[in-house]
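Take a look at the letters that make up each chain.
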Amino acid sequence: MSDLLRIEGLVVQFGGVTALDGVSFSVREGQICALIGPNGAGKTTAFNAISRLVRPADGQIRFAEHDLLGLEAADLSGLGIARTFQNLALWPGMTVLENVMVGRYARGRVGFAASLLGRPARVEDREVRARAYAMLDYFGIADVAHRDCEGLPFGTLKRVELARALVAQPRLLLLDEPAGGLAHGDVRELGETLMKLRDDHDMTLLLVEHHMQFVMGISDYVVALDLGRNLVAGNPAELRDSPELVEAYLGAPV
């Protein structure tokens, strides 16, 4: 397997604070890779740099043959990169189906507003709607397709956001704390879903997550950061009893 995403010497500064200091790691095609570390380690900053939401002071971010630092956040969907957010970023006042369709229109030629305004239907409109239904069915939530997102259970909304990301058929899916706020049973089901997604859709996943049991159960590779720098990296078996990782989370023994 070749590297699909490669980060080299990434430096991000906010004023006089260095949030990332020379961070480097790569994600191989078809991997589930987790980015972990204690609060303030720089995980979210790295994620936001990859997503083009923050501008690094130095370093490189490459996706396949593309230099992401030369692009804007709006360009990523067209390259095959999709992202979910820690805080659900669904559109209020829109149905589940409409929210999922937005994810596909980001890659299509037809504007979503044009569809809602009732302009003449195009082949692409029908294809987008059909694909959105298919993704809702894949996640087992087709029965709520025409309900507003507001008022639905949190676990269902997490699936809606996943469906919206997946409807664009990304090669790389960035997941920001996907297990956050879920009950124990939902976390286990989410893990099974993500592994199935990787296998069914030939997809690469990079996730930021605090839930260590979840991370160690589904990840092929784990990258740990601390204080904005690389700490350790390896497969879950290699990192499970890592002294450096234990110290970063729990502190050095007295």
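- By the naming in an unreviewed UniProt entry, the chain is High-affinity branched-chain amino acid ABC transporter ATP-binding protein LivG, taken from Actinophytocola xinjiangensis.

### A short note on the overall build of the chain
Part 1 of the argument: Assigned secondary structure in the chain consists of ten helices and ten strands.
Part 2 of the argument: Per-residue burial over the chain gives 48% buried out of 254 residues.
Part 3 of the argument: Considering only residue pairs separated by 6 or more positions, the chain has 67% of its internal contacts joining residues 24 or more positions apart.
Part 4 of the argument: Within the structure as shown, the chain displays about 12200 Å² of accessible surface, and the carbon and sulfur contribution to it stands at 50%.

### Some thoughts on helix H6 (residues 154–166)
Part 1 of the argument: Its 13 residues give H6 an end-to-end C-alpha distance of 18 Å, which sits within 8% of 18 Å, the value for a rise of 1.5 Å per residue.
Part 2 of the argument: Along H6, the residues that are buried comprise Gly155, Thr156, Leu157, Lys158, Arg159, Val160, Glu161, Leu162, Ala163, Arg164, Ala165 and Leu166.

### What to know about the packing of aromatic side chains
Any two aromatic rings considered together are summarised by their centre-to-centre distance and by the angle between their planes.
Part 1 of the argument: For the structure on display, the rule yields one aromatic pair.
Part 2 of the argument: A centroid spacing of 5.4 Å and a plane angle of 80° characterise the contact between Tyr138 and Phe139, whose relative ring orientation is edge-to-face.
Part 3 of the argument: Note on Phe139: relative accessible area 7%, which makes it buried.

### Some points on the pattern of salt bridges
Part 1 of the argument: In this structure the tally under the stated criterion is ten salt bridges.
Part 2 of the argument: Here Arg171 ties to Glu29 by a salt bridge, and the two come within 3.1 Å at their closest N and O atoms. Of this pair, Arg171 sits in the loop between H6 and strand E7 (172–176) while Glu29 is found in the loop between strand E2 (17–28) and strand E3 (32–36), placing the two residues 142 residues apart along the sequence.
Part 3 of the argument: Its relative accessible area of 35% is what places Arg171 among the partly exposed residues.

### Observations regarding the sheet that holds strand E1 (residues 3–14)
Part 1 of the argument: Ordered in space as E2-E1-E4-E5, the four strands form an open sheet in which the pairing is antiparallel. The open sheet has two edge strands with one neighbour each: E2 and strand E5 (66–67).
Part 2 of the argument: One ladder, built from two bridges, connects strand E4 (residues 58–63) with E5; its direction is antiparallel. Paired with Phe63 across the strands is His66, a residue of E5.
Part 3 of the argument: Strands E1, E2 and E4 of the sheet are contacted by helix H1 (residues 43–50), whose axis makes an angle of about 115° with E1.

What counts as what
- Residues numbered from 1 in each chain as written.
- Predicted model: local features only at pLDDT ≥ 70, side-chain atom pairs only at ≥ 80, totals over all residues.
- Heavy atoms only, no water.
- Helix = DSSP H or I, 4+ residues; strand = E, 2+ residues; numbered from the N terminus.
- Buried < 20%, exposed > 50% of the residue type's maximum accessible area, 1.4 Å probe, protein only.
- Contact = heavy atoms within 4.5 Å.
- Areas by Shrake-Rupley, 256 points an atom, 1.4 Å probe, with all protein chains shown as cover.
- Expected span 1.5 Å × (residues − 1).
- Phe/Tyr/Trp six-rings, centres within 6.5 Å; stacked < 30°, edge-to-face > 60°.
- Salt bridge = Lys/Arg side-chain N within 4 Å of Asp/Glu carboxyl O.
- Pairing = 2+ DSSP bridges.
- Axes fitted to C-alpha atoms, helices over the stretch in contact; angles between N-to-C directions.

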